[in-house]
Amino acid sequence: MSWGFPLLIAFVTTPILVHSLGTKKYGEYSIVLSFLAYAFSNGVGKVAGKYIPEYRASDEPDKLSESVSAAFWMVLAVGLLQVIALVSAASFIVADILLIAPESQASVTKALYLAGFSGLILMMGQIFQYALQGVHRFDIFAVITNANALLLSVGNVVIVLLGFGIIPLFIWNLTITTIFGVMFFIKARPLIPEWRLSLKIRGPIAQAVLRYGGSIIIYQLVTNILGVFERSWIVRKFGTETLAFYAVAYMLAVNMHSMLWSFAQVLFPVVNELLTNKQKLIEVYEKSVKLTFLVAAFIISTYICIGRPFFHLWLGSEFSDRSYMLLIFISAAFGFSAIAIVPWLLAEAFRAPGLNALSSTIWTVVGIPLMYLLAERWQVEGIAFARMVGAAAIVPLIFYIEKRFLDVILWRFWLGLLVKIAVAVGAMIFLEKSFLRQFEPGWVALVAGLALGTTVFGVVAFASGLITRQEISLLRSALSGDP
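One numbering rule holds for all chains: residues counted from 1, following each sequence as written. Note on the predicted model: pLDDT of at least 70 is required for a residue's local features to be given, and 80 or more for side-chain atom pairs to be given and counted; whole-chain, interface and lining totals, by contrast, use all residues. Where side-chain values are given, they derive from all heavy atoms of the structure, hydrogens and water being excluded.

S.K.: So, the overall build of the protein: which residues are in play, and what are the values?
M.R.: Elements are defined by DSSP. Helices are runs of H or I of four residues or more, strands are runs of E of two residues or more, and each kind is numbered from the N terminus. Tallying secondary structure elements over the protein gives 16 helices and zero strands in all. Radius of gyration: over C-alpha atoms. The globule rule applied is 2.2 Å multiplied by the number of residues raised to the 0.38 power. In summary, the protein has a C-alpha radius of gyration of 22 Å against a globular reference of 23 Å for 483 residues, a match within 12%. The C-alpha extent of the protein, read off along each of the three principal axes, is 60 × 60 × 45 Å. A contact between two residues is defined here by any heavy atoms of the two lying within 4.5 Å. A separation threshold of at least 6 residues defines the contact pool for the protein, and within that pool the share at least 24 residues apart is 83%. Per element, the accessible surface of the protein, about 20700 Å² overall, is 69% carbon and sulfur. Neither His nor the chain ends contribute to the count of charged residues, in which Lys and Arg are positive and Asp and Glu negative. Where a charge sits is defined by one atom per residue type, namely NZ (Lys), CZ (Arg), CG (Asp) or CD (Glu). Computed over 34 positive and 26 negative side-chain charges, the separation of the two mean positions in the protein equals 3 Å. Only the protein chains shown count as cover for residues, with accessible areas throughout obtained via the Shrake-Rupley method and a probe of 1.4 Å.

Encoded structure:
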């Protein structure tokens, strides 16, 4: 719900924002949003999500309290440094790196200032988001997240329909981020009674949190360098209008990844509770990897089948022509990343997030030079393709993580999974595309084709054993609220 509802809202509001602002202004809006997303280490709060379930499982409340306090001070310090850096460099970034048109430089610079303060508050609020997840209160997390998305989007629509530009949009963003950051704190605080904010933190606890949180900062920093370079290179080479076409495709692709991360957020405390039960951990690992791979393959296949007519109906023919291939390449990139989600969680649970830093470094080191080179020949599609190649380069690290923490590389599991998913995907794409060719583009035909493809994918997945009766039964129980 914390993924699906915001996606539904985005489906409704994105055309309004794009057409009201225009592609040029929407591109400027997107570049500032990318700095909000990439200029801040939006995951350091995960330290709370790790140590709360781990120390509760081992009945060590003092360590829990000190760990959360250490995370709080660490996030505050890092966030302040990042705000200072972004605000200090904003004018240089806008004028000399992004090459924003002179008439837009002042508004984009002010928007970056506002984004900087929003980023700090977002980071602080995430401590308590992850705390809620650490105590398995995903219901509270989902309600607050969805209310946040609804109010933010409604406010954005009202602002653009009244004819205002990007500055009011980011003032509204800062306001909503502050309100809901406070709400996360209010709801999480009573659920972690062991926690007392303190500066007195024992050396071993401080070192563990700094090592764990520091690794998260490093791998997010490296990933963020890739994201900032990608968006900045597009704006510098092709202008903010081109970024609008890229940003819309990116939004659809990253929503797939966000959905799978939402599942991973539920999985993370469970993995931390099973660190001493290797057999059960392998069982959870295999089922989780299968689910993420299956869902990612289905969504990417759906984009391949209906992406072009969907863009045409949703945003117009220009987006259909210019965003479709971007969507395929970027979705494939996030597909490779999605396959690695569960191994990443495994590494973090065993206090080795440095491996995730290595993964991000590989992606960035491969991706940035390719973006630089391919942009000359293949334009913005070359940049998207470079992101995909960089993501594919991290896959071998999955097998190292399995060997290190599970004591086995699950070759048979991976081979069987690849073959079965390939059959389901092939059948789905062939039949869905064949069906859609018979009709003129329209929402009815699109929905009918999607229903056909989903049915074919599900039937083949069930027949091949990808989806079992037991898993269907568990899903029904979860949806109905049965224990």
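S.K.: Describe the packing of aromatic side chains, with residues and values.
M.R.: A pair of Phe, Tyr and Trp rings is counted when the ring centres sit within 6.5 Å of each other, with Trp represented by its six-membered ring. The angle between the planes then sorts it: under 30 degrees is stacked, over 60 is edge-to-face, the rest tilted. Tallying each qualifying case throughout the model produces 26 aromatic pairs. Between phenylalanine 293 and tryptophan 414, the ring centres sit 6.4 Å apart and the planes meet at 50 degrees, which makes this aromatic pair tilted. Here tryptophan 414 lies in helix H14 (residues 411–436) and phenylalanine 293 lies in helix H9 (residues 278–314), a separation of 121 residues in the sequence. Exposed residues in this analysis have more than 50% of their type's maximum accessible area, buried residues have under 20%, and partly exposed residues fall in between, with area computed by a 1.4 Å probe over protein chains only. Under the relative-accessibility criterion, phenylalanine 293 is labelled buried at 11%. On the basis of relative accessibility, which here comes to 7%, the residue tryptophan 414 falls in the buried class. Among the aromatic residues, those joined into a ring-pair cluster are Phe11, Phe310, Phe311, Trp314 and Trp443. Whether a charge lies above a ring is judged from NZ of Lys or CZ of Arg, which has to be within 6 Å of the ring centre and within 35 degrees of the ring normal. Arginine 231 extends its terminal NZ or CZ atom over the ring of tyrosine 250, reaching a point 4.4 Å from the ring centre.

S.K.: Describe the side chain of serine 232, naming the residues involved and giving the relevant values.
M.R.: Its location among the elements puts serine 232 in helix H7 (residues 203–238). Overall, the relative accessible area of 7% leaves serine 232 in the buried class. Of the polar contacts made by the side chain of serine 232, one reaches the backbone oxygen of valine 228; its length is 2.7 Å. Sequence-distant contacts of serine 232, that is, excluding residues within four places in its chain, are made with Ile31, Phe35, Ile97 and Leu98. Nitrogen and oxygen atoms within 3.5 Å of one another constitute a polar contact, given that in protein one can donate a hydrogen and the other can accept it, and given that sequence-neighbouring residues count only through two side-chain atoms.

S.K.: Explain the packing of helix H10 (residues 317–339) against helix H11 (residues 341–349) to me, and be specific about the residues and the numbers.
M.R.: For every element, the axis is a line fit to its C-alpha atoms; helices are fit only across the contacting stretch, and the angle between N-to-C directions ranges from 0 to 180 degrees. Axis separation between H10 and H11 bottoms out at 4 Å; the angle between their running directions is 40 degrees. In terms of their interaxial angle, H10 and H11 are classed as oblique. When H10 is examined against H11, the residues Ser337, Ala338 and Ile339 are found in contact with a partner set consisting of Ile341, Val342, Pro343 and Trp344. Across the contact of H10 with H11, the residue classes break down as six nonpolar, one polar and no charged. Working definition: roughly parallel below 35 degrees, roughly antiparallel above 145 degrees, roughly perpendicular at 65 to 115 degrees, and oblique for all remaining angles. Classification used: nonpolar for Ala, Val, Leu, Ile, Met, Phe, Trp, Tyr, Cys and Pro, charged for Asp, Glu, Lys and Arg, polar for all others including Gly.

S.K.: Outline the nonpolar core, listing residues and values.
M.R.: For this analysis, a nonpolar core means a set of buried residues of the types Ala, Val, Leu, Ile, Met, Phe, Trp, Tyr and Cys, connected via side-chain atoms within 4.5 Å. Tyr246, Tyr285, Ile330 and Trp414 are the most contacted members of the largest nonpolar core, which has 157 residues in total. In this structure, tyrosine 285 is in contact with Val342, Pro343, Leu346, Ile398, Glu402, Leu406, Leu410 and Trp414, ignoring residues within four places of it in sequence.

S.K.: Go over the environment of alanine 48 with me, naming the residues and quoting the values.
M.R.: Locating alanine 48 in the fold gives a position in helix H2 (residues 46–57). The class of alanine 48 is buried, set by a relative accessible area of 1%. Along the sequence, alanine 48 and leucine 415 sit 367 residues apart, while their C-alpha atoms lie 36 Å from each other. Setting aside residues up to four positions removed in sequence, alanine 48 forms contacts with Pro53, Ile127 and Ala131.

S.K.: Account for helix H12 (residues 354–392), with residues named and values stated.
M.R.: Any helix carries an expected span of 1.5 Å times its number of residues minus one. Look at H12: only 19 Å from first C-alpha to last across 39 residues, short of the 57 Å you get at 1.5 Å a residue. Bend angle per residue: angle between axes fitted to the 7 residues ending at that residue and the 7 residues starting there. Of all the bends found along H12, the most pronounced is centred on tryptophan 378 and spans about 145 degrees.

S.K.: Could you give me a rundown of unusual backbone geometry, with the residues and numbers involved?
M.R.: The phi angle at aspartate 59 is positive, at roughly 55 degrees, despite the residue not being glycine. Residue placement: aspartate 59 occurs in the loop between H2 and helix H3 (61–97). With a phi close to 55 degrees, leucine 99 is a non-glycine residue in the positive phi region. Along the polypeptide, leucine 99 turns up in the loop between H3 and helix H4 (102–134).

S.K.: Lay out the pattern of salt bridges with the relevant residues and their values.
M.R.: Close approach of charged atoms lets side chains of opposite charge pair. Any carboxyl oxygen of Asp or Glu within 4 Å of a side-chain nitrogen of Lys or Arg constitutes a salt bridge here. One pass over the structure, following the stated rule, counts eleven salt bridges. Taking the shortest distance from any N to any O, the salt bridge between lysine 24 and glutamate 28 comes out at 3.1 Å. Note that lysine 24 and glutamate 28 are positioned in helix H1 (residues 4–38) at a spacing of four residues, about one turn of the helix. The partly exposed category is assigned to lysine 24, whose relative accessible area is 36%. A relative accessible area of 1% places glutamate 28 in the buried class. The closest approach of N and O atoms between glutamate 66 and arginine 202, which form a salt bridge, is 2.9 Å. You can see glutamate 66 sitting in helix H3 and its partner arginine 202 sitting in the loop between helix H6 (166–188) and H7, a full 136 residues away along the chain. Given the relative accessible area of 14%, glutamate 66 is considered buried. Given the relative accessible area of 42%, arginine 202 is considered partly exposed.

S.K.: Could you give an account of the environment of alanine 253, naming the residues involved and the relevant values?
M.R.: One can find alanine 253 in helix H8 (residues 240–273). Take alanine 253: its relative accessible area is 0%, and that puts it in the buried class. Note: C-alpha distance between alanine 253 and phenylalanine 334 (81 residues apart in sequence) is 6.8 Å. Look past the residues within four positions of alanine 253 in its chain and what remains in contact with it is Tyr303, Leu327, Ile330, Ser331 and Phe334.

S.K.: Any details on helix H13 (residues 395–406)? Residues and values, ideally.
M.R.: The terminal C-alpha atoms of H13, which comprises twelve residues, lie 17 Å apart, in line with the 16 Å expected from a rise of 1.5 Å per residue. Restricting attention to buried positions, one finds in H13 the residues Leu397, Ile398, Phe399, Ile401, Glu402, Phe405 and Leu406. In the core, the buried residues of H13 are packed alongside H9, H10, H11, H12 and H14. Of the residues one or two after H13, aspartate 407 is the one with positive phi, at around 65 degrees.

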